[in-house]
Amino acid sequence: MFPEPNHNDLIIPFQLEQSGLRGRFVRLGATLDEILGKHQYPQPVARLVAEAATLACVLGSMLKEDGIFSLQAKGDGPVGMLVADYTSDGSLRAYASFNKDVVATVPDSFAELLGTGYLAFTIDRGEGFERYQGIVEVDGASLTAAAQHYFLQSEQIHTELKFFAAPHAHSFHTAALCIQAMPHDADAGDHDLDRLPPGWDEASALLATLSAAEALDAALHPHEVLFRLFHEGGVRAYDTVHVMHRCRCGLGRAERALSALSEAEAEELADAGRIEVRCEFCNSTYTFTLQELSDLRAKDAGAG
Ligand SMILES: [Zn+2]
């Protein structure tokens with residue numbers, strides 16, 4: 001017996017040959033098991049985190065330059081904050097903060113989970129580059145719909161996104177397919193957003209035929225999914241990006257955060273002579289004694 005093929009945790013960039021439209025196919029499995037397994041989310045919250053993480057892979061992998069793409073949603077609902085970070089090497093992390101008391105009684109609807117708020121996209125290309133941020137109001141349909149709306153309204157890029165999720169033990173497995181027109185040349189002047197890019201209607205109609213079963217079937221190679229949908233006009237797949245859960249927290253970051261505290265502040269925060277820093281993404285904890293913090297401060301003062 002051979003094990004079932006497992007085509008999960010990957011991003012396939014592709015281009016439709018005839019129309020030149022570009023796209024991404026994303027499917028996530030074990031990566032989400034790991035991300036969601038670090039927390040005990042109620043099911044609707046877990047699904048929302050899974051959706052945010054999947055969208056971060058789709059949109060982050062469309063960037064031309066390397067960097068960190070962050071998707072952040074903030075609202076007045078029981079899920080106060082939702083964050084997913086995708087780094088161009090395929091690293092993914094995500095979490096949601098939520099009010100346990102309220103969320104237990106909230107139906108499984110995006111509008112009620114997040115409430116009224118906004119969705120922000122941040123691109124951080126590292127030191128020496130300006131941080132980019134785009135914001136769109138969350139109007140209650142879904143996270144995917146809000147992201148799609150953002151690209152059309154703020155970036156003036158026709159974008160069509162389809163998202164699928166299925167429960168898997170205490171986690172969710174997901175897939176997403178996106179097609180997007182090439183960004184317009186800013187120097188080319190005004191263009192009419194109502195005028196659809198060539199081939200858009202056809203591609204969009206084909207995208208609509210994708211079923212959840214096909215999109216989520218880990219035994220089905222993503223190239224096969226793309227071929228079934230788009231073979232008529234031709235589709236070219238580019239190098240696969242493998243996605244994995246990898247957090248950017250670490251001892252060094254915790255040290256830097258804490259060494260900024262004054263002695264009095266550190267004493268105030270300490271419990272039995274220790275301060276614990278917990279990473280909201282991966283739940284790792286870093287513990288320092290007051291003596292260690294005082295040594296850190298002395299080292300900082302010496303270096304500065
Ligand atoms: Zn972490």
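Because the structure is predicted, anything quoted here is derived from the model rather than measured. (Residues numbered from 1 in each chain as written. Predicted model: local features only at pLDDT ≥ 70, side-chain atom pairs only at ≥ 80, totals over all residues. Heavy atoms only, no water.)

(A) Seen up close, the layout of surface pockets. Roughly 520 Å³ of internal volume is contained in the largest pocket. Looking at the largest pocket, it is lined by 19 residues, and the ones nearest its centre are Met 62, Leu 63, Lys 64, Ile 123 and Glu 155. Breaking the lining of the largest pocket down by element, the ones donating at least two residues are strand 6 (117-124) and helix 5 (143-153). Taken as a whole, the second largest pocket spans an internal volume of roughly 260 Å³. Surrounding the second largest pocket, 13 residues form its lining, Gln 18, Glu 202, Ala 203, Leu 206 and Gly 233 being those nearest its centre. Sort the elements by how many residues they give to the lining of the second largest pocket and helix 6 (residues 200-207) lands first, with three residues. Its residues assigned to classes, the lining of the second largest pocket shows five nonpolar, six polar and two charged. (1 Å grid on protein atoms, 1.4 Å probe; cavity = no way out; pocket = protein on both sides within 12 Å on 5 of 7 lines; lining within 4 Å. Points joined across faces, edges and corners; volume = space filled by probe spheres on them. Helix = DSSP H or I, 4+ residues; strand = E, 2+ residues; numbered from the N terminus. Nonpolar A, V, L, I, M, F, W, Y, C, P; charged D, E, K, R; others polar.)

(B) Looking closely at the state of the cysteines. Tallying each qualifying case throughout the model produces zero disulfides. As a non-bridged cysteine, Cys 57 has Cys 178 as the owner of its nearest cysteine sulfur, 12 Å distant. (Disulfide = S-S within 2.5 Å.)

(C) Here's a closer look at the domain arrangement of the protein. Segmenting the protein into domains produces domain 1 (10-245) and domain 2 (251-303). Computed from C-alpha coordinates alone, the two centres of domain 1 and domain 2 are separated by 36 Å. On the side of domain 2, four residues touch domain 1, which itself brings eight residues to the contact. Together, the buried faces of domain 1 and domain 2 total about 610 Å²; carbon and sulfur atoms form 58% of this surface. Per-residue buried area on domain 1 facing domain 2 is highest for Lys 38, Arg 93 and Tyr 95; these three make up 66% of the total on that side. Applying the counting rule to domain 1 against domain 2 returns zero salt bridges. (Domains from an automatic or database assignment. Contact = heavy atoms within 4.5 Å. Buried area = accessible area lost by both parts, 1.4 Å probe. Salt bridge = Lys/Arg side-chain N within 4 Å of Asp/Glu carboxyl O.)

(D) Quick peek at the packing of helix 2 (residues 43-60) against helix 5. Where helix 2 contacts helix 5, the axes come no closer than 10 Å and their chain directions differ by 30°. With respect to each other, helix 2 and helix 5 are oriented roughly parallel. Of helix 5, the residues touching helix 2 (which contributes Leu 48, Glu 51, Ala 52, Leu 55 and Leu 59) are Leu 143, Thr 144, Ala 147 and Phe 151. Residue composition of the contact of helix 2 with helix 5, grouped by class: seven nonpolar, one polar and one charged. (Axes fitted to C-alpha atoms, helices over the stretch in contact; angles between N-to-C directions. Parallel < 35°, antiparallel > 145°, perpendicular 65-115°, else oblique.)

(E) Summary view of the sheet that holds strand 5 (residues 91-98). Pairing within the open sheet is mixed, and its six strands lie in the order 7-6-3-4-5-12. What marks the edges here is a single partner per strand, and that holds for strand 7 (132-138) and strand 12 (244-245). Alignment of strand 5 against strand 12, held across two bridges, turns out to be parallel. Within strand 12, the position partnered with Ser 91 by the bridge is Met 244. In the packing of helix 5 onto the sheet, contacts are made with strand 3 (68-75), strand 4 (79-87), strand 6 and strand 7, and the angle to strand 7 comes to roughly 125°. (Pairing = 2+ DSSP bridges.)

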